[in-house]
Protein chains: 2
Amino acid sequence: MSYLLLTQQVMFALKQSSRIVAPGCRYVSQAAAKTAVDFDYDGPLMKTEVPGPRSRELMKQLNEIQNADAVHFFCNYEESRGNYLVDVDGNRMLDLYSQISSIPIGYNHPALVKLLQQPQNLSTFINRPALGILPPENFTKKLKESLLSVAPKGLNQIITMSCGSCSNENAFKLIFLWYRNKERGNSSASKEELETCMINQPPGCPDYSILSFMGGFHGRTLGCLAATHSKPIHKLDIPTFDWPIAPFPRLKYPLDEFVKENEQEEARCLEEVEDLIVKYRKKKRTVAGIIVEPIQSEGGDNHASNDFFRKLRNIARKHGCAFLVDEVQTGGGATGKFWAHEHWGMEDPADIVSFSKKMMIGGFFHKNEFRPDAPFRIFNTWLGEPSKNLMLREVIDVIKKEGLVNNAVQAGKVLHRGLLELQARYPHLMSSTRGQGTFCSFDAPDDAIRNKLIIQARNKGVVLGGCGERSIRFRPTLVFKDHHANLFLNIFNDVLADFK
Amino acid sequence: MSYLLLTQQVMFALKQSSRIVAPGCRYVSQAAAKTAVDFDYDGPLMKTEVPGPRSRELMKQLNEIQNADAVHFFCNYEESRGNYLVDVDGNRMLDLYSQISSIPIGYNHPALVKLLQQPQNLSTFINRPALGILPPENFTKKLKESLLSVAPKGLNQIITMSCGSCSNENAFKLIFLWYRNKERGNSSASKEELETCMINQPPGCPDYSILSFMGGFHGRTLGCLAATHSKPIHKLDIPTFDWPIAPFPRLKYPLDEFVKENEQEEARCLEEVEDLIVKYRKKKRTVAGIIVEPIQSEGGDNHASNDFFRKLRNIARKHGCAFLVDEVQTGGGATGKFWAHEHWGMEDPADIVSFSKKMMIGGFFHKNEFRPDAPFRIFNTWLGEPSKNLMLREVIDVIKKEGLVNNAVQAGKVLHRGLLELQARYPHLMSSTRGQGTFCSFDAPDDAIRNKLIIQARNKGVVLGGCGERSIRFRPTLVFKDHHANLFLNIFNDVLADFK
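Residues numbered from 1 in each chain as written. Chains lettered and ligands numbered in written order. Predicted model: local features only at pLDDT ≥ 70, side-chain atom pairs only at ≥ 80, totals over all residues. Heavy atoms only, no water.

(A) Summary view of the domain arrangement of chain A. Residues and elements named next belong to chain A. For chain A, the assigned domains are domain 1 (53–109 + 404–498) and domain 2 (128–401). Between the C-alpha centres of domain 1 and domain 2 the distance comes to 28 Å. When the two sides are added together, the surface that domain 1 and domain 2 hide from each other amounts to roughly 2300 Å², 60% of it contributed by carbon and sulfur. Among the residues of domain 1 in contact with domain 2, Val405, Gln436 and Phe439 are the three that bury the most area, contributing 27% of the side total. At the boundary of domain 1 and domain 2, one finds two salt bridges. Its salt-bridge partner being Arg475, residue Asp301 comes within 2.4 Å of it at the nearest N-O pair. The tally of links from domain 1 across to domain 2 stands at 13 residue pairs in polar contact (both at pLDDT 80 or more). Put simply, the parts of the chain that give the side of domain 1 that touches domain 2 at least two residues each are α3 (98–101), α14 (404–425), β10 (431–436), β11 (439–443) and β14 (471–473). No other element matches β10, which puts five residues into the side of domain 1 that touches domain 2. (Domains from an automatic or database assignment. Buried area = accessible area lost by both parts, 1.4 Å probe. Salt bridge = Lys/Arg side-chain N within 4 Å of Asp/Glu carboxyl O. Polar contact = N/O pair within 3.5 Å; in protein donor to acceptor, adjacent residues only side chain to side chain. Helix = DSSP H or I, 4+ residues; strand = E, 2+ residues; numbered from the N terminus.)

(B) Inspection of the packing of helix α11 (residues 259–282) of chain A against helix α12 (residues 306–318) of chain A at higher detail. Residue and element names in this part refer to chain A. Between α11 and α12, whose axes approach to 11 Å, the crossing angle comes to 15°. One element, α11, and the other, α12, form an angle in the roughly parallel class. Like other packed secondary-structure pairs, α11 and α12 cross with a definite hand, here right-handed. Together, Glu266, Cys269, Leu270, Val273, Glu274 and Ile277 of α11 and Phe308, Lys311, Leu312, Ile315 and Lys318 of α12 make up the contact between the two elements. (Axes fitted to C-alpha atoms, helices over the stretch in contact; angles between N-to-C directions. Parallel < 35°, antiparallel > 145°, perpendicular 65-115°, else oblique. Left-handed = near helix turned anticlockwise from the far one by under 90°. Contact = heavy atoms within 4.5 Å.)

(C) Structural view of helix α7 (residues 164–184) of chain B. Residues and elements named next belong to chain B. Between the first and last C-alpha of α7 there are 30 Å, a value that for 21 residues agrees with the 30 Å anticipated at 1.5 Å per step. Counting buried positions over the 21 residues of α7 gives 18, a clear majority of the element. Gly185 occupies a position one or two residues after α7 and carries a positive phi of about 65°. (Expected span 1.5 Å × (residues − 1). Buried < 20%, exposed > 50% of the residue type's maximum accessible area, 1.4 Å probe, protein only.)

(D) Region of the structure containing the pattern of salt bridges. Enumeration according to the criterion identifies 65 salt bridges over all chains in this entry. Here Arg54 of chain B ties to Glu137 of chain A by a salt bridge, and the two come within 2.9 Å at their closest N and O atoms. In this pair, Arg54 of chain B sits in helix α2 (residues 53–63) while Glu137 of chain A sits in the loop between α5 (122–126) and α6 (139–145), so the two residues belong to two different chains. The salt bridge partner of Lys191 of chain B is Glu195 of chain B, with a shortest N-O separation of 3.0 Å. One end of the pair is Lys191 of chain B and the other is Glu195 of chain B, both in helix α8 (residues 191–198) and four residues apart, which spans about a single turn.

(E) Representation of the confidence of the model for chain A. Residues and elements named next belong to chain A. Of the residues in chain A, 92% have a pLDDT of 70 or more, and the chain-wide mean is 93. Taken as a whole, residues 1–24 scores under 50 in pLDDT and shows 47 contacts with residues more than four places along the chain or in a different chain. Low confidence marks residues 29–36, where pLDDT is under 50. Its contacts with residues over four positions away, or in another chain, come to 13 contacts. Scoring the predicted complex yields pTM 0.94 and, for the interface, ipTM 0.93. (pLDDT = per-residue confidence, 0-100.)

(F) Seen up close, unusual backbone geometry. Of note, the bond from Tyr253 of chain A into Pro254 of chain A is cis; its omega dihedral lies within 30 degrees of zero at 0°. Within the element layout of this structure, Pro254 of chain A appears in the loop between β5 (245–246) and α11. The backbone of Gln99 of chain B sits at a positive phi, close to 55°, despite the residue not being glycine. Assignment of secondary structure puts Gln99 of chain B in helix α3 (residues 98–101).

(G) Region of interest: the packing of aromatic side chains. Enumeration according to the criterion identifies 52 aromatic pairs over all chains in this entry. With a centroid separation of 6.1 Å and 90° between ring planes, the pair formed by Phe125 of chain A and Phe125 of chain B is classed as edge-to-face. Remark: Phe125 of chain B occurs in helix α5 (residues 122–126) and Phe125 of chain A occurs in helix α5; the pair is interchain, linking two chains. Of the residues examined, Phe125 of chain B reaches a relative accessible area of 3% and is grouped as buried. The interplanar angle of 65° and the centroid separation of 5.2 Å between the aromatic rings of Phe474 of chain B and Phe488 of chain B together place this pair among those described as edge-to-face. Here the residue Phe474 of chain B occupies a position in the loop between β14 (471–473) and α16 (482–498), and Phe488 of chain B occupies one in helix α16, the gap between them amounting to 14 residues. Judged by its relative accessible area of 0%, Phe474 of chain B falls in the buried class. Positioned above the aromatic ring of Trp382 of chain B is the side chain of Arg128 of chain B, whose terminal nitrogen or guanidinium carbon lies 3.9 Å from the ring centre. (Phe/Tyr/Trp six-rings, centres within 6.5 Å; stacked < 30°, edge-to-face > 60°. Lys NZ or Arg CZ within 6 Å of the ring centre and 35° of its normal.)

Here it is as structure tokens:
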């Protein structure tokens, strides 16, 4: 397929090249050519197919030193701005995937450029401390100004980690410590426990388990992987634990049209959760905690109702299991709340909330009662990184000042509504459009068509990502505005119209 | 105990305050007052006990949001230079622990300051990509100039990770994939495997194991923790795998005086390794790989001979087990070789070598035959970080230009010899002095005395770290020179002489 040249006057070019769409169908936005974000570009600009010749050459070079088959293309991050990712062949694309949902406020945001230019901040980037033993003077202050300023309700304790997997691994450990201490009551660990733990045996290493959901994704290290069930490629050939796996509701969309069926489906899943807790207690693999994503992301953007999560949380409480909400992908504002679990409207939504990606660093918030009872029980050399706390402080400041969580509600409405319209127009290519805020998705008929749609959109200047077996997920940054949504919808309309 | 005020004329002050040592016993170095490293200070300068009042206040604040009992003191990283760590009370200490062995070329090295000041580098610090799918243009180039320029013999493949634990977790996964593919031969995964892996069952999730050593430390996430056996506090209450654990030689020091006994001890351990491989194969927990540190670091700086490692590597080869050398703490030059396993003098020392800490980023080198057979099998969102590759390139450049690996040999000799002399003088406080390069250690009589020695040394201006049950380990940066060693030895002589 020959590539489409998009000039800076992208709307004009699009209208020239559009073949079948009637004028009334275009998502015209007054702001389409305007740069609402002052460091943004005003549209895609395509010069080659993607990956272009330079990317292909670099892929070949990288492939000599590691398997590079997952690489989409090589990027020019210096030239990327706001919502636009520029590649090494000079193509400029509207990015609705944002590095697997991990860029909070766009590329090269001026607030971060400024931060890096201030000489007094250099030392924080150069001298990475062992935070658990030798923190910098402003450590608590920066945590308070950044992460703790957006702490989920009731969770006043914070531990930082270097990535999402380490966050969940250590959240699991926190749960196990808490559960065992509950069982112990006031007594301390026995000599037998202290001895047997050193040789990987109970009672020192108890056979506790974490209940997870089919379709869930919580990371790829061995502990996380025991709770991850999104795709075989993640798990095949890796030893694991016999931990209980409950079905996650497979709902019909739009949710408000299938209330009854969806309620029944959720009830079935919740019943299974309770059965598994009882069953695993009997087989001496006591469920110490439950882990769940507010929206199963890698697994295919599977939603459940607020009612489902409220009931699930209550089941956890009833059976004395810790309730760990994994907000690695959902956290940071894209769903229209800073934390997706806020949609549940609960007073006591979680015991632990883990995060990473848009938060720039990993970690988890937790209740006071989960606080480790001794130093070095939750510990590693770096325990996160102060330079990330520093940057996150700026990012959260921008999110607050510019009302970017509300923006996700607003831009999400435009995106969601537009996707529903496209779905109505192209039902052979799109179904089950769903979403909260800009955290939207739809299903393609199958894996092959999904991947083809992604590639064709990319060649027209839009970066999208897949998830699950046949879904396309939208994960724009928080500076994604109405006019970006309209711009995307126009381009994607052409992709769908031209699709063969 | 009242604190000792050390002025900038530290040698003078020391002589004034020294009470029992005869002049001939002092480790006089012509370079003592000289700043061989131009960004270094010329000696410790103590104003308060450590932790001082400001540190104590900050500890109280931090303790409100997380268990802060492990914090030694709070630091002023802006004012720290070279080998000197400055705290928030204005105390300047000679740092022989370097953030748990993770600062390669000292604090605020001018090469890194310069790097951060160059505008063209800012974007790399601001825009953290998903490296596995959207790497920056210079990704391969920077890996070649940094990590691959010091690749261990025969290991031409590289995968980066965000920390040491993730490095070993993913190295384990690489081993399991490799082992299973060996078993499969040319056939691909069966339908049953693809289905069962999703529900944590064999054959999709096979019961492979990793053989590790008692006393070893490989990280604290659940997979790593199954191979870690250094202290109960790391492992207590955490579910784990039934993986084989071999005894690590408990040698007598100095090694050249106990050759015969040590040989017998090593033979006993190697025999046990082979027995365990056979035993675990029989119980269907096949040993897919062996993990070992060249020097067991967290576990107490336990050494073994080159001959031991050569034989162990051959046992791995004989039984078809992968051989994973964990150089997270030993790697980077401090032992007098860039990688500690180079001391073994082997043509084929390892299949995989993992690293982190001084390398600024985690990851592992591996042989071509261990290359993942498909994309996304070893994967996560960040897969390391380009800004660390950029800094590491400068660090490795400094190491090479300034001959810092050879410096570790030279400064290590001064440190080691001095410790042996102190041990001869204070045998009631020091035993089993041992080391390679500056990677030295000795044993105190017990845990309490060890900790007291660390605190008293700190109050005289020297930061030390413990390891194992009663050892003190030396982990200075690579810019630690002869005169720093002499300065330390003089101060520590006073600590030992004054000890009560």
